[in-house]
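# Observations on chain architecture
Here is what each chain is made of, one letter per residue.
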Amino acid sequence: MAPRTAPAETMRYLHELSPQRRQAVADLALDTFLEMGRAAAIVGANGELRLVNDAFTELFGGVEDLTARLAKINADVAVSGGRLIHEVMLPDGRTVGLEVTLLEQGCLITGFDISRRQQRRAREAQLARTDDLTQLGNRLLFQEQLAERLAEPGHAYPPALLTIDLGRFKALNETLGRKTGDALLRLVAKRICSALADHDVVARLEGDKFAVLQLGQPQPQAAAALAARLIDLLGRAYLVDGQLINISACAGIVVVTPDMIDVEQVMSSADLALSRAKSDGQGSYRFFETAMDEKMRSCRKLEIDLRRALSLREFSLVYQPQVNLRSSAVSGFEALLRWQCPTRGAVSPLDFIPLAEQTGVITSIGEWVLRTACREAASWPNDHSIAVNVSGVQFAHPNLVKVVMSALAESGLAPQRLELEITESVMLDDRGQSLTVLNNLRSLGVRMALDDFGTGYSSLGYLRRFSFDKIKIDQSFVRGTANDPAGQAIVRAISSLGQSLGMKTVAEGVETREQFDRVVADGCTDVQGYLISRPLPSGQIASFLDERAPRP
Amino acid sequence: MSTLYRLVYLSKNRISGGAAHIAAEVQSILAAAQRNNPPLELTGALIFNAGMFAQVLEGPCGSLEDTFEKIQQDPRHGDLEVLAYHQTTERAFQHWSMGYFGQSREGQDLFGHLAKATGFNTDGLEGTRLFEIIRDIALEEETRAA
Ligand SMILES: Cc1cc2nc3c(=O)[nH]c(=O)nc-3n(C[C@H](O)[C@H](O)[C@H](O)COP(=O)(O)O)c2cc1C
């Protein structure tokens with residue numbers, strides 16, 4: 001056997017070596033070639049094998065059309081600059097990684113079996129696309145599959161995307177525990193799968209939200225049928241961990257049209273349809289329509305304008321006087337929000353407050369209102385009370401008490417002058433949280449009024465749990481005409497209730513003398529409305545009070 | 001022994017076709033139950049009457065819940081209402097992997113009054129009442145056969 005060692009530098013100067021030494025090195029090289037672990041072959045221009053080692057024979061031994069394949073590789077390497085790295089799949093399923101180097105005649109091929117590595121990668125790729133809990137696909141898988149379908153040119157039948165979520169799942173998860181919630185989601189996943197065709201794609205996107213990509217079916221009928229089937233299946237009883245669970249599902253559907261090319265857009269369209277379905281009630285489904293998109297866009301636009309309005313100082317406050325019926329004197333003012341938008345003109349609070357509440361913008365708007373009302377009222381000549389509306393969202397915000405304290409401190413307004421108006425919906429949370437907040441606010445010295453009384457649940461329980469300083473009777477009862485005995489009876493009932501509980505009662509929206517006389521007769525303590533005065537800017541309060549003051 | 005659970009439910013027949021076809025389908029349901037239930041330690045009773053199925057199923061929680069997942073998806077019935085699902089100390093149908101009763105009462109409407117009531121109250125009166133109806137019929141037929 002040839003010597004196994006040859007100093008590295010001798011390799012470079014091979015031609016300078018003695019013939020014997022050269023032979024020794026060549027033997028060594030050949031030996032290495034033949035015995036190395038990697039498969040290696042020198043291949044002629046037509047794919048014929050010139051020299052192979054055992055590893056090569058072992059790897060490619062069973063391949064029938066080897067010569068043709070090698071000829072092809074040889075041709076490929078010739079046109080790709082002399083070197084090629086290549087993965088080939090063998091007929092028996094193994095994958096081989098090849099490195100090809102062009103020689104003067106033919107090429108040198110080395111390679112080894114990378115099937116395991118390949119399998120590991122495939123496994124990892126699959127894991128990254130699998131939802132652990134349900135073993136369905138996850139969001140990544142779904143987005144990739146959807147992207148693929150969107151990129152493919154027209155099919156006979158367009159794909160349809162369904163998103164599905166469960167009603168009340170979060171509450172259920174909280175009461176029954178995570179373990180039961182998880183078990184339920186696994187059953188839901190199975191039920192969804194049982195309704196699908198083999199090639200449909202299904203995934204759990206997050207929490208209790210699932211998505212299905214329905215393929216190769218006439219639309220929209222197939223998607224509607226599937227949605228109905230899923231809602232039926234998922235709405236059936238579940239037995240989990242010894243408990244009976246009833247839940248319901250809603251679905252949003254998008255039938256993909258050729259102009260839909262963006263995954264995010266399609267998914268958010270489905271979400272939009274889903275949220276519509278939810279507002280239709282549990283157990284319903286809805287198709288996405290362009291009109292929804294437009295509505296959403298205009299909502300988004302309004303939201304952007306709203307967020308901007310605050311920093312651009314487009315909001316202002318006006319103040320509507322309240323008059324005490326016994327003394328005929330002004331007892332206080334209610335701060336009302338006005339929005340003068342440069343592009344929209346004057347926007348009514350009715351049109352933007354609901355959106356501000358949904359989006360949470362209300363917290364910063366509400367804070368601005370509170371600070372501004374306190375500051376402006378502090379500059380008025382008398383000690384009239386100033387009523388500020390606090391929305392349910394604001395009320396639930398942990399910061400509220402702090403904000404009120406700081407608004408009072410900053411403005412120097414006496415806490416007794418500030419009156420916060422809340423609606424009954426605030427009292428609907430029953431963990432006693434709102435009661436704590438009410439008591440905290442009261443301990444600051446601030447007064448509390450219950451707004452729009454009579455329109456909601458009007459539970460007398462609220463009045464018992466917290467003694468409000470004032471009840472505001474909704475204008476719908478006040479404006480009723482003389483032949484609306486029910487409205488009148490309600491006003492009378494609330495007034496006498498207020499009287500017995502020691503709460504003031506304010507009739508809102510009084511516009512005519514007739515309404516005024518009636519609420520006086522019905523026993524309200526205060527009135528507010530156009531009959532007394534329209535809402536005034538802060539700058540006009542002093543002269544308004546001056547005019548009303550009894551002349552000497 | 002693992003904790004015993006008892007399930008009582010009522011559902012509407014969705015098998016269409018004549019009496020013979022329905023009878024054959026019911027036979028195949030019973031065959032499935034008698035094949036699958038014993039290894040799962042499930043016992044119970046099934047009654048088919050006036051277009052309604054009523055079933056009591058007893059056994060360990062896991063077996064019962066797995067089998068129920070199959071049953072509630074079975075297209076041969078629908079509008080399934082679970083009337084009771086709770087722990088119990090004793091099996092009421094000890095000897096039946098799935099007893100089938102009530103054939104002799106073809107003409108009677110055994111639980112029509114239950115089906116008509118809307119908004120069943122789980123674990124309420126209906127569950128107990130239905131369970132008792134099924135148990136009484138089973139007892140009666142057992143003694144008659146003996
Ligand atoms: C009213 C009704 C009661 C059934 N009860 C049982 C049962 O107790 N056990 C059971 O295994 N299958 C029962 N089935 C049948 C199952 O729905 C399902 O068809 C069957 O378990 C499938 O059995 P296989 O998996 O052995 O084919 C019932 C079906 C119906 C409609």
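What this report covers is the structure whose coordinates are included nearby. (Residues numbered from 1 in each chain as written. Chains lettered and ligands numbered in written order. Predicted model: local features only at pLDDT ≥ 70, side-chain atom pairs only at ≥ 80, totals over all residues. Heavy atoms only, no water.)

### Some words on the packing of helix H15 (residues 400-411) of chain A against helix H16 (residues 433-443) of chain A
Residues and elements named next belong to chain A. Between H15 and H16, whose axes approach to 10 Å, the crossing angle comes to 15°. Judged by the inter-axis angle, H15 sits roughly parallel to H16. Two packed elements cross with a definite hand, and for H15 against H16 that hand is right-handed. Side by side, H15 and H16 meet where Leu-400, Val-401 and Val-404 of the first sit next to Val-437, Asn-440 and Leu-441 of the second. (Axes fitted to C-alpha atoms, helices over the stretch in contact; angles between N-to-C directions. Helix = DSSP H or I, 4+ residues; strand = E, 2+ residues; numbered from the N terminus. Parallel < 35°, antiparallel > 145°, perpendicular 65-115°, else oblique. Left-handed = near helix turned anticlockwise from the far one by under 90°. Contact = heavy atoms within 4.5 Å.)

### Examining the interface of chain B and chain A
Listed as interface residues are twelve residues of chain B and, on the opposing side, 13 residues of chain A. Both sides together, the interface formed by chain B and chain A hides about 1100 Å², and carbon and sulfur atoms give 59% of it. Across the salt bridge formed by Glu-69 of chain B and Arg-191 of chain A, the nearest N and O atoms sit 2.4 Å from each other. Only strand S1 (4-13), helix H2 (61-72) and strand S4 (77-88) of chain B provide two or more residues apiece to the side of chain B that touches chain A. No other element matches the six residues that H2 of chain B contributes to the side of chain B that touches chain A. (Buried area = accessible area lost by both parts, 1.4 Å probe. Salt bridge = Lys/Arg side-chain N within 4 Å of Asp/Glu carboxyl O.)

### Let's talk about the pattern of salt bridges
Residue and element names in this part refer to chain A. Inspection of the entire model under this criterion finds 39 salt bridges over all chains. One salt bridge connects Lys-179 with Asp-241, and the closest N-O pair in it is separated by 3.4 Å. With a gap of 62 residues between them, Lys-179 in helix H8 (residues 178-194) and Asp-241 in the loop between strand S9 (238-240) and strand S10 (243-245) connect regions that are remote in the sequence. Residue class for Asp-241 comes out partly exposed when judged on its relative accessible area of 33%. (Buried < 20%, exposed > 50% of the residue type's maximum accessible area, 1.4 Å probe, protein only.)

### Some details on empty space enclosed by the protein
Residue and element names in this part refer to chain A. This model, assessed by the stated rule, comprises one cavity of 30 Å³ or more. Quantified by volume, the largest cavity comes out at close to 40 Å³. Every residue lining the largest cavity is counted, ten residues in all, and those nearest its centre are Phe-477, Val-478, Gly-480, Gln-488 and Arg-518. Of all elements in the fold, only helix H18 (475-478) and helix H19 (485-501) reach the threshold of two or more residues within the lining of the largest cavity. Here the element with the most residues in the lining of the largest cavity is H19; it accounts for three residues. Of the residues that constitute the lining of the largest cavity, the class distribution is three nonpolar, four polar and three charged. (1 Å grid on protein atoms, 1.4 Å probe; cavity = no way out; pocket = protein on both sides within 12 Å on 5 of 7 lines; lining within 4 Å. Points joined across faces, edges and corners; volume = space filled by probe spheres on them. Nonpolar A, V, L, I, M, F, W, Y, C, P; charged D, E, K, R; others polar.)

### Digging into the site of the ligand
All names here are of chain B. What surrounds the ligand is a group of 18 residues, the closest being Arg-35, Asn-37, Gln-55, Asp-74 and Arg-76. A distance of 2.9 Å is found between an oxygen atom of the ligand and a side-chain nitrogen or oxygen belonging to Arg-35. Within the side chain of Gln-55, an N or O atom sits 3.1 Å from a nitrogen atom of the ligand. About the coverage of the ligand: the protein hides 81% of its 620 Å² of free accessible area. Using a 2 Å cut-off from the grid points, one finds that the ligand occupies the second largest pocket. When residues of the shell around the ligand are traced back to their parent elements, those giving at least two are helix H1 (19-36), strand S3 (52-60) and H2. Here the element with the most residues in the shell around the ligand is H1; it accounts for five residues. Tallied by class, residues from the shell around the ligand come to nine nonpolar, five polar and four charged. (Near = heavy atom within 4 Å. Polar contact = N/O pair within 3.5 Å; in protein donor to acceptor, adjacent residues only side chain to side chain. Areas by Shrake-Rupley, 256 points an atom, 1.4 Å probe, with all protein chains shown as cover. Sits in = over half its atoms within 2 Å of the grid points.)

### Some points on the layout of surface pockets
Its boundaries defined by the atoms lining it, the largest pocket holds a volume of some 1200 Å³. Residue lining of the largest pocket: 38 residues in total, with Glu-334, Leu-336, Pro-349, Leu-350 and Asn-389 of chain A positioned closest to the centre. Counting only elements with at least two residues in the lining of the largest pocket, the list comes to strand S14 (330-341), helix H12 (349-359), helix H13 (362-378), strand S16 (385-389), helix H14 (392-396), strand S17 (418-423) and strand S18 (447-453) of chain A. Taken together, the residues of the lining of the largest pocket sort by class into 15 nonpolar, 13 polar and ten charged. Of the volumes computed, that of the second largest pocket is approximately 340 Å³. Lining the second largest pocket are 18 residues, and of these Ile-29, Ala-32, Ile-71, Asp-74 and Arg-76 of chain B lie nearest its centre. Listed by contribution, the elements that provide at least two residues to the lining of the second largest pocket are H1, S3 and H2 of chain B. Among the elements that make up the lining of the second largest pocket, the one with the highest residue count is H1 of chain B (five residues). Classifying every residue of the lining of the second largest pocket by side-chain character gives nine nonpolar, five polar and four charged.

### Examining the sheet that holds S3 of chain B
Residue and element names in this part refer to chain B. Taken together, five strands build an open sheet; the order of strands is S4-S1-S3-S2-S5 and the sheet is mixed. Edge positions in the open sheet fall to S4 and strand S5 (99-101), since each of these has one partner strand only. With direction set aside, neighbouring strand axes in the sheet form an average angle of 15°. Here H1 sits on the sheet in contact with S1, strand S2 (43-49), S3 and S5, set at roughly 170° to S2. Its contacts with the sheet put H2 on S1, S3 and S4, and the angle it makes with S3 is roughly 155°. (Pairing = 2+ DSSP bridges.)

These values are about where atoms sit, not about what they do.
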